[in-house]
Amino acid sequence: MAVGVFELFSVGIGPSSSHTVGPMRAGAVFARELRERGFLEHVASLRVDLYGSLAATGHGHGTFTAVLLGLEGFEPEEILPEQVEERLASIAETGKLSLAGKVELPYSVEEMVLHPLTVLPRHTNGMKFQVFGAPGPDGSAAVLHEATFFSVGGGFIVREGEEDTAQKELDESKKELPFPFRTAAELLGRCSSKGLSISDIMLVNEKASRSEEEIREGLLHIWAVMEACVESSLKREGLLPGGLKVRRRAPDWHERLLKEDKDRDAKYWQEWVNLIALAVNEENASGGRVVTAPTNGAAGIIPAVLYYALNYAPGMDKATQEDKDEVVVKFLLAAGAVGVLYKEQASISGAEVGCQGEVGSASSMAAAGLAEVMGGTPGQVENAAEIAMEHNLGLTCDPIGGLVQVPCIERNAIAAAKAINAAKMALWGDGTHRVSLDEVIVTMRETGKDMSHKYKETAMGGLAVNVVEC
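No experiment lies behind these values; they were computed from the predicted model shown. (Residues numbered from 1 in each chain as written. Predicted model: local features only at pLDDT ≥ 70, side-chain atom pairs only at ≥ 80, totals over all residues. Heavy atoms only, no water.)

**Student:** In this structure, what is going on with the sheet that holds strand β2 (residues 45-51)? I would like to understand it.
**Tutor:** Each strand in a sheet pairs with its neighbour through backbone hydrogen bonds, running either in the same direction (parallel) or in the opposite one (antiparallel). Overall, mixed pairing links the 5 strands, which are arranged β5-β2-β6-β7-β8 in an open sheet. Across the chains shown, the open sheet's two edge strands, defined by having one partner strand only, are β5 (113-115) and β8 (156-159). Ignoring strand direction, the axes of neighbouring strands in this sheet form an average angle of 20°. Relative to β5, β2 is paired through 3 bridges, and the arrangement is parallel. (Pairing = 2+ DSSP bridges. Helix = DSSP H or I, 4+ residues; strand = E, 2+ residues; numbered from the N terminus. Axes fitted to C-alpha atoms, helices over the stretch in contact; angles between N-to-C directions.)

**Student:** Looking at this model, I keep getting lost on the pairing of strand β4 (residues 103-106). Mind explaining?
**Tutor:** Burial along β4 is one-sided: the face carrying V103 and L105 is buried and the face carrying E104 and P106 is not. Summarising the sheet, strand β3 (residues 96-99) and β4 pair through 4 bridges and their orientation is antiparallel. Bridging from a neighbouring strand, S98 pairs with E104 of β4. In this structure, the hairpin formed by β3 and β4 is closed by a connection of 3 residues, where A100 is found at a positive phi of approximately 55°. (Buried < 20%, exposed > 50% of the residue type's maximum accessible area, 1.4 Å probe, protein only.)

**Student:** Got a minute to help me understand the packing of aromatic side chains in this structure?
**Tutor:** How two aromatic rings sit relative to each other is set out by the distance from centre to centre and by the angle between their planes. In this structure the tally under the stated criterion is 5 aromatic pairs. Considering the side-chain rings of W269 and Y308, the 5.2 Å spacing of their centres and the 70° angle between planes classify their relative orientation as edge-to-face. Taken as a pair, W269 in helix α11 (residues 269-285) and Y308 in helix α12 (residues 301-312) lie far apart in primary sequence, 39 residues in all. Y308 sits in the buried class, given a relative accessible area of 5%. Members of the aromatic cluster, each reached through a chain of ring pairs, are F30, F129 and F149. Note that K343 overlies the ring of F156, its terminal NZ or CZ placed 3.9 Å from the centroid. (Phe/Tyr/Trp six-rings, centres within 6.5 Å; stacked < 30°, edge-to-face > 60°. Lys NZ or Arg CZ within 6 Å of the ring centre and 35° of its normal.)

Structure below.
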């Protein structure tokens with residue numbers, strides 16, 4: 001179906017949408033097929049091959065364990081952190097996987113076959129699942145079922161051999177939308193011809209598949225999960241998992257802010273924005289429950305900027321709860337519209353185009369959302385999105401130890417501030433500007449193609465090799 005706001009903002013677990021959520025989703029699809037096609041009772045063994053970036057940084061990103069949970073039948077939208085801990089502890093203790101939640105099968109992380117230097121043609125985040133029957137007299141075993149998937153960013157997965165079909169289905173579903181658009185120019189054209197805002201256009205398109213009440217409830221639920229993510233993070237103390245010994249800062253910062261800013265003085269806005277972004281990404285790094293926005297590695301930017309909109313935008317000091325709910329809905333719809341442009345024309349995968357596709361896209365989406373709720377015209381909203389991405393071009397993905405911690409956590413806070421500044425700059429203009437959002441998106445895509453693979457989520461360049469891990 002056409003990419004919509006609920007595809008760009010989905011609930012999952014950390015630390016990575018492309019390396020955790022996507023692989024879990026692929027594993028769950030494979031497990032479901034085994035169950036539905038009657039293969040389960042005949043399965044004697046399992047083989048999992050991981051390629052490219054999944055193999056290179058999978059340990060730090062939680063890919064291997066996410067695959068196991070997916071193969072047990074768990075879906076990223078539904079699984080809770082305590083279930084993650086319980087199941088992984090059981091697998092580690094018994095050495096057995098509950099395939100599709102039905103068949104006990106000897107299997108562990110150590111048995112996964114890794115190909116970090118092999119990139120499959122479709123995408124660097126490739127994974128192949130195979131199950132075999134019992135060995136015959138000659139010791140060989142027949143393949144009962146197999147499938148290859150690609151995790152293409154933001155938790156989205158594509159199956160090998162079905163790329164053309166998926167694209168055709170996408171194109172067909174877009175025809176059913178009242179106001180389809182692929183470029184910012186088309187989006188602005190729709191706004192102009194219909195006299196609607198960008199969030200209005202997105203709302204009308206979303207209503208093609210669900211009611212307005214369902215859309216509102218769904219978006220408010222997304223915001224509630226974001227808020228719960230912050231609350232959970234502020235209760236955690238000590239070091240982040242993974243061995244880098246990165247200290248959690250959000251709880252201490254929160255305590256200090258409560259003491260220094262008792263009256264919520266506007267001069268502290270950036271400290272609060274920093275806090276929200278850090279809290280979300282520390283929770284993500286802990287494997288907590290987060291919202292892909294549009295990815296896990298960039299999950300803190302949109303909630304931080306939305307927090308700014310709800311607390312520091314003009315007039316919000318007198319806003320009712322109904323007013324605030326309207327801000328949340330409009331913000332996420334406008335941000336989602338810009339997210340569609342990145343999915344359609346470029347990529348939101350750090351393994352494909354570097355961190356510009358993750359943090360850059362999120363910053364651009366957040367800037368658009370903020371400009372929208374602060375009364376921006378469609379042209380000003382598009383300008384805000386363009387400014388934010390233009391100044392994230394070339395951003396590399398070089399996580400130390402393959403963990404979504406350094407530089408990822410701080411990078412979210414920096415990008416949130418960029419988004420706010422981009423929106424303010426755009427609102428001081430009249431919407432006309434020299435460089436279009438479409439030109440910047442194409443530039444991001446081409447920059448990603450030209451970027452060395454060392455800087456695209458492989459932990460083979462940049463900070464990942466120049467900073468001692470221990």
